[in-house]
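Here are the chains, one letter per residue:
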Amino acid sequence: MKPYKLLALLLLNPVIVGCGQPGPLYLPGQAAPIHVEPEHAPKPEPKPEKDK
């Protein structure tokens, strides 16, 4: 194997292998964003029936 091919292989190896962590990258110490569903308006209480 020619020296420049070996050098190219050694330099490209980290790029090909990657870090091994799937998914989006993030900086350590940052909390992941939390998605919160908005609460719906409370249902109106039924009116009490009048006694006859």
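For the structure, see preceding data.
Attention in this report is confined to the structure presented alongside it. Treat the numbers as computed from the prediction; the structure is a model and nothing was measured.

Some remarks on the overall build of the protein chain
Item 1. Helices and strands together make up the secondary structure of the protein chain, namely one helix and zero strands.
Item 2. A burial count over the protein chain gives 0% of its 52 residues as buried.

Quick notes on helix H1 (residues 3-17)
Item 1. Relative to the 21 Å expected for 15 residues at 1.5 Å per residue, H1 spans 21 Å between its end C-alpha atoms, a close match to the ideal helical length.
Item 2. At Leu11, H1 is bent by approximately 30 degrees, the largest bend along its length, and proline Pro14 sits one to four residues beyond.
Item 3. Taken across its 15 residues, H1 has zero buried, putting it largely on the surface.
Item 4. Backbone geometry just downstream of H1 places Gly18 in the positive-phi region, at approximately 70 degrees.

Parameters at a glance
Within each chain, residue numbers correspond to sequence positions counted from 1 in written order. Local features in this predicted model are restricted to residues of pLDDT 70 or higher, and side-chain atom pairs are both shown and tallied only at a pLDDT of 80 or more, whereas totals for entire chains, interfaces and linings draw on every residue. Hydrogen atoms and water are omitted, and side-chain values are computed over all heavy atoms in the structure. Segments assigned H or I by DSSP are reported as helices when at least four residues long, segments assigned E as strands when at least two residues long, and all are numbered from the N terminus. With a 1.4 Å probe rolled over the protein chains alone, any residue whose accessible area is under 20% of its type maximum counts as buried; one over 50% counts as exposed, and the rest are partly exposed. To estimate how far a helix should reach, multiply one less than its number of residues by 1.5 Å. Bend at a given residue is defined as the angle between two axes, one fitted to the seven residues that end at that position and one fitted to the seven that begin there.

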